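# Structural overview
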Amino acid sequence: MEITNVTEYQAIAKEKLPKMVYDYYASGAEDQWTLAENRNAFSRILFRPRILIDVSKIDMTTTVLGFKISMPIMIAPTAMQKMAHPEGENATARAASAAGTIMTLSSWATSSVEEVASTGPGIRFFQLYVYKNRNVVAQLVRRAERAGFKAIALTVDTPRLGRREADIKNRFVLPPFLTLKNFEGLDLGKMDEANDSGLASYVAGQIDRTLSWKDVKWLQSITSMPILVKGVITAEDTRLAIQNGAAGIIVSNHGARQLDYVPSTIMALEEVVKAAQGRVPVFLDGGVRRGTDVFKALALGASGIFIGRPVVFSLAAEGEAGVRKVLQMLRDEFELTMALSGCTSLKEITRSHIAAEWDAPRALPAARL
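Residues numbered from 1 in each chain as written. Predicted model: local features only at pLDDT ≥ 70, side-chain atom pairs only at ≥ 80, totals over all residues. Heavy atoms only, no water.

Put simply, the test is: UniProt positions are given in the numbering used here, feature names are shortened, and annotations may be inferred rather than shown by experiment.
If you check an unreviewed UniProt entry, the protein appears there as (S)-2-hydroxy-acid oxidase from Olea europaea subsp. europaea. The UniProt entry for the protein carries the following text under Sequence similarities (unreviewed entry): "Belongs to the FMN-dependent alpha-hydroxy acid dehydrogenase family." Under Catalytic activity (unreviewed entry), UniProt gives the following word-for-word description of the protein: "glycolate + O2 = glyoxylate + H2O2".

### Overview of helix α2 (residues 19-26)
Operational definition: Under the scheme applied here, a residue whose accessible area is under 20% of the maximum for its type counts as buried, over 50% as exposed, and between as partly exposed, the area being computed with a 1.4 Å probe on protein chains only. Every helix listed is a DSSP run of H or I at least four residues long, and every strand listed is a run of E at least two residues long, numbered separately from the N terminus.
Taking burial as the measure, the eight residues of α2 include six buried ones, the bulk of the element. Residues of α2 that are buried include every one of V21, Y22, D23, Y24, Y25 and A26, and no others.

### Section: the side chain of T337
Short version of the rule: Pairs of N or O atoms within 3.5 Å make up the polar contacts considered here, provided that, within protein, one atom can donate a hydrogen while the other can accept it, and that residues adjacent in sequence are counted only when both atoms are side-chain atoms. Here, residues are in contact when the closest pair of their heavy atoms is within 4.5 Å.
Note that T337 resides in helix α13 (residues 309-341). Looking at T337, its side chain comes within polar contact range of the main-chain oxygen of E333, at 2.8 Å. When near neighbours in sequence (up to four residues on either side) are disregarded, T337 contacts F47, G291, T292 and F295.

### Regarding the environment of I242
You can see I242 is positioned in helix α10 (residues 235-243). It is 7.6 Å that separates the C-alpha atoms of I242 and A276, two residues lying 34 residues apart in sequence. Setting aside residues no more than four positions away along its own chain, I242 makes contact with I249, A276, R279 and V280.

### Some points on the pattern of salt bridges
So the rule is basically this: Note on definitions: salt bridges are taken to be side-chain nitrogens of Lys or Arg within 4 Å of carboxyl oxygens of Asp or Glu.
Inspection of every chain in the model, using the stated rule, returns 16 salt bridges. The partner of E165 in a salt bridge is R163, with the nearest N and O atoms 3.4 Å apart. Its relative accessible area of 46% is what places R163 among the partly exposed residues. Between E184 and K181 there is a salt bridge, with the nearest N and O atoms lying 3.6 Å from each other. Overall, the relative accessible area of 40% leaves E184 in the partly exposed class. For K181, a relative accessible area of 22% gives the class partly exposed.

### Looking at the pairing of strand β11 (residues 304-307)
Short version of the rule: Strand pairing is defined by DSSP finding a minimum of two bridges between the two strands. Crossovers are marked right-handed if the path from the first strand over the helix to the second runs clockwise, as seen with the strands pointing away from the viewer.
Along β11, one buried face is formed by G304 and F306 and the opposite face, lined by I305 and I307, is buried too. Pairing of strand β10 (residues 282-285) with β11, which is carried by three bridges, proceeds in the parallel orientation. Looking at the pairing, F283 lines up with G304 of β11. Taken together, β10, helix α12 (residues 291-299) and β11 form a β-α-β motif whose crossover is right-handed.

### Let's talk about helix α9 (residues 213-222)
How we decide: For this quantity, the arc is that covered by the directions from the helix axis to the C-beta atoms.
Inspection of α9 places D215, V216 and L219 among the buried residues, and these make up the whole buried set. Buried positions in α9, seen along its axis, are confined to an arc of 110 degrees and lie on one side of it. Seen from the open side of α9, the exposed residues pointing more than 90 degrees away from its buried face are K214 and S221. The secondary structure elements touched by the buried residues of α9 are β6 (124-128), α6 (134-146), β7 (151-155) and β8 (227-232).

The following block contains the structure:
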């Protein structure tokens, strides 16, 4: 069967993957309300397309932290990709590079920063979890920098792991033939079996619950890489992130895997954009499955978006070719949405190209008597 959209990869991945692995990738926290809402919220934003505009040439290029990319669609960090496909993160890195976009490598990758760097050229960011042992963190940051990574995406919404009930039922654990490659030499690369989720136990043992804004300052003192703060969903934290030297903000609810009943990221986006006041770029992570979703995020002020699950599902289905296809489908759909909305470059996408249900009603012309 020919695949014609991003969402179709999920059913193929479900068929192919062991239940424990599929459930780990697919599930959200607790009632999974936010998981559904991350998708559903997009359908409450409608277009106000402009017509009779020359759209024969469309430019989707943009720059992120000074790096030129082919489109505002990037790859979010997702953990343990070799559970999906033997080539794992290496395949994802090659697909991102071929598409001319940025890949973010997870701290908990099953390929190391050095292995991913050796796949060839490409702009890559490194997602960081802060471990209790700061020497481990400092070493990892140095390795990423040496391997040519260009920025740190600091995950700030995970002092503890969210309650993911599928992982508890399945007693989730990293399969024994895989390791968290970045931690292999530090005796932190394996995950012990537990009475609930092996990952939750690992996080409880290793990840630092005391993490605070002072640690963002500390991180800046040990690296010259810019720091994106990933996991901001309020105006208050946006202002604090900027005060504490963040180079950008990723509006994220961790794929709805941490605190349930937070808003969808597309609903939180505008609050964050307004608080940022253009001082730093704001990106959206979560729920994007269509080119129309990308356009809506940019119309609400995002500088770009990140995709997570579509990458692991397409990787499971077709390896590198699957990830390439997801990036191509989103690119094609986004280009079509721009054309049909009357936009020929990203700077032409404005707030007036969409109508959200929370907008004040547009004034109607006074009726003639």
